[in-house]
Amino acid sequence: MTINLFDDASWTSLRPLTFTRPVADLRVGILTIAEKWGSYLNADFGFCTQDYLSVKFAPKPNAGLFINGSVCPDEALLNAVSNLKTGEALYKKEVVIAYIADQHNLKAVKSLKPIEYSRDIVQIVYPENIFGHNPAEIRKDFKLLTQGRTSASISSTNQLLGDDIFLEEGAKVECSVLNSGYGPIYIGKNAEIWEGSLIRGSFALCENSSVKMGAKIYSGTTIGPNSRAGGEINNAVIWGNSAKGHEGYLGNSVMGEWCNIGADTNNSNLKNNYAEVKLYDYESEKMRNTTLQFCGLIMADHAKSGINTMFNTGSVVGVGANVFGGGFPPHHIADFSWGGAAGFDTYKLHKMFETTEKVFARKDVAFNEVEKNILTKVFELTESYRRF
C-alpha cells in the first residue's frame, strides 16, 4: 500500500515547528506521525505539504489513500480507515481524517460520501499537544514496535522496576535505574544510557542517541535519534539530531531538530502565580491561552541557546534563532534572531549557514541545496516577525 499524508490548517497553528516540515513529520511518542501510519498500514508514505517543502517531503505517485497528517492512528481508527471505499471520506465532525480519491484536493473532498467517525481522535493542532499527548503515544508506539518480539539482554548492573523495558539490538544500559512501573521504557538500536542515570517511564530513547551520566529523566519524555541528553528532563520531546547534554532543566517542552541547549540552561514550566500559560501565535501575532498550568519551551529547528540561558514559562523560539546572554529573553524569539535579553539583531542567513554546515558535518550529513533552499524560504516567510 502507498499513502500520502496531507497538511490541514494545523500546519499554520503549529508554526514555528512546521516551517521546516509537514505536520506528519512531527515526532510524538517514539515515532513520527507518518511513521506510525506507515507501520500500522504496512505502507510506503509520502507527503502533501507546502510547495517549498515538497522537494524534501515529496508526495508518492499513484497513492489513492490520503490521510490527515495531524491525526495520530490507533487500532480503532486504523479499522475505520481500512474500510474506506473509493469516493468516501472519513470525518470527525469538521476534521477530514482520510479519504480515497485520484488526487489530493481538500476542496473536492466535500463531493465525496461522508463517513462519520464516532470515537475520539488524537489530533496535533498546537505545539503543546506534542508533549501533552506524548506519554500516551509512547505507550501506543511501544506496543506497536515490540509486540511479539523479545528485548535484547539488559545488563545485571542495572536496577529494574517493572517489566515493560525493551532494548533494541546494540542498545546499552549500565549501572542505572529503569522504572517502568509508570509507563514503558524503549531503548532504540545502538542507543546508550550511561552510568548513574535515573529513568522513569514512559520514556523513549531512539536509535544512536545517548543519555549522559547522572541524568534524571521523568515520564513522558522522548529523545529522538542521533541526540544527546543530560541533566533533568520532564515530559519533553526532542525530535532528533539535537543536544541537551548538560545540567539544567527542560520540562513540558518540545525541542526541534539540529538544536543545541547550552550548559545550565533552564526553562520555567510553571508561572509564579500558577496561572494558565500563554504561547505566541504566529497567525494572530498575539499570545494564545493554552489553558495549561504547565507549559515550558517550544524550540523550532536549528535554534541554539548559550550557557545559563533562562527561558520564561511558555517561550517560543523560532527557526534558526541563536539566544545567549544574561536575563530572561522575551516569550517569543523570532526566527533567525541573534541575541538575548539585551536585544536582538537578524542572524544573517550566510552566517547561519556557516554554523549549520558545521553542525551537519558532526553527524556526517551533507548540508545540501535542498536544506539551504528550505531555510532561505523560511527566512523570507518570517521577515515580518523580526522587528528589531
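Here the structure is a predicted model, which is why all the values come from computation and not from measurement.

## Notes on the overall build of the protein
Here is step 1: Helices and strands together make up the secondary structure of the protein, namely six helices and 35 strands.
Here is step 2: Taking 21 Å as the expected radius of gyration for a compact globule of 388 residues, we find that the protein reaches 21 Å, a close match to that expectation.
Here is step 3: Once the C-alpha set of the protein is aligned to its principal axes, its extents read approximately 55 × 55 × 45 Å.
Here is step 4: Looking at the protein as a whole, 54% of its 388 residues are labelled buried.

## Points about the packing of aromatic side chains
Here is step 1: Enumeration over the complete set of coordinates arrives at 16 aromatic pairs.
Here is step 2: When the ring of Trp258 is compared with that of Phe360, the centres are 3.9 Å apart and the planes differ by 20 degrees; the resulting orientation is stacked. With a gap of 102 residues between them, Trp258 in the loop between β23 (249-257) and β24 (260-261) and Phe360 in helix α5 (residues 349-362) connect regions that are remote in the sequence.
Here is step 3: Of the residues examined, Trp258 reaches a relative accessible area of 8% and is grouped as buried.
Here is step 4: An aromatic cluster is present here, built from Trp11, Phe19, Tyr280, Tyr282 and Tyr385 joined pairwise through their rings.
Here is step 5: Above the ring of Tyr126, the side-chain terminus of Arg288 is found at 3.9 Å from the ring centroid.

## Structural notes on the pairing of strand β3 (residues 65-68)
Here is step 1: Neither face of β3 is open: one carries Leu65 and Ile67, the other Phe66 and Asn68, and all of them are buried.
Here is step 2: As paired strands, strand β1 (residues 2-6) and β3 are joined by four bridges and run parallel to one another. Bridge pairing in β3 links Phe6 to Asn68.
Here is step 3: Direction of pairing for β3 relative to strand β6 (residues 95-100): antiparallel, over a ladder of three bridges. Within the sheet, the bridge partner assigned to Ile67 lies in β6 and is Ala98.

## Some details on the state of the cysteines
Here is step 1: Scanning the entire structure with this criterion turns up zero disulfides.
Here is step 2: Just so you know, Cys48 is unpaired, no disulfide at all, and the nearest cysteine sulfur is the one on Cys72, 18 Å from it.
Here is step 3: For Cys48, a relative accessible area of 14% puts it in the buried group.

## Side note on the layout of surface pockets
Here is step 1: Approximately 500 Å³ is the volume attributed to the largest pocket.
Here is step 2: Contributing to the lining of the largest pocket are 23 residues, with Ser242, Ala243, Asn260, Arg362 and Lys363 lying nearest its centre.
Here is step 3: Within the residue set of the lining of the largest pocket, elements represented by two or more residues are β24 and α5.
Here is step 4: Among the elements that take part in the lining of the largest pocket, α5 stands out by supplying four residues, more than any other.
Here is step 5: Tallied by class, residues from the lining of the largest pocket come to five nonpolar, twelve polar and six charged.
Here is step 6: The volume enclosed by the second largest pocket comes to roughly 380 Å³.
Here is step 7: Arg27, Thr32, Glu35, Pro225 and Trp239 are, among the 21 residues lining the second largest pocket, the residues nearest its centre.

## Notes on helix α4 (residues 128-146)
Here is step 1: The terminal C-alpha atoms of α4, which comprises 19 residues, lie 27 Å apart, in line with the 27 Å expected from a rise of 1.5 Å per residue.
Here is step 2: The sharpest bend along α4 measures roughly 55 degrees and falls at Asn134, with the proline Pro135 sitting one to four residues further on.
Here is step 3: Those residues of α4 that sit buried are Glu128, Asn129, Ile130, Phe131, Asn134, Glu137, Ile138, Asp141, Phe142 and Thr146.
Here is step 4: Phi turns positive one or two residues past the end of α4, at Gly148, with a value near 80 degrees.

Cut-offs used in this document
Residues numbered from 1 in each chain as written. Predicted model: local features only at pLDDT ≥ 70, side-chain atom pairs only at ≥ 80, totals over all residues. Heavy atoms only, no water. Helix = DSSP H or I, 4+ residues; strand = E, 2+ residues; numbered from the N terminus. Rg over C-alpha atoms; globule rule 2.2 N^0.38 Å. Buried < 20%, exposed > 50% of the residue type's maximum accessible area, 1.4 Å probe, protein only. Phe/Tyr/Trp six-rings, centres within 6.5 Å; stacked < 30°, edge-to-face > 60°. Lys NZ or Arg CZ within 6 Å of the ring centre and 35° of its normal. Pairing = 2+ DSSP bridges. Disulfide = S-S within 2.5 Å. 1 Å grid on protein atoms, 1.4 Å probe; cavity = no way out; pocket = protein on both sides within 12 Å on 5 of 7 lines; lining within 4 Å. Points joined across faces, edges and corners; volume = space filled by probe spheres on them. Nonpolar A, V, L, I, M, F, W, Y, C, P; charged D, E, K, R; others polar. Expected span 1.5 Å × (residues − 1). Bend = angle between axes of the 7 residues up to and from the residue.

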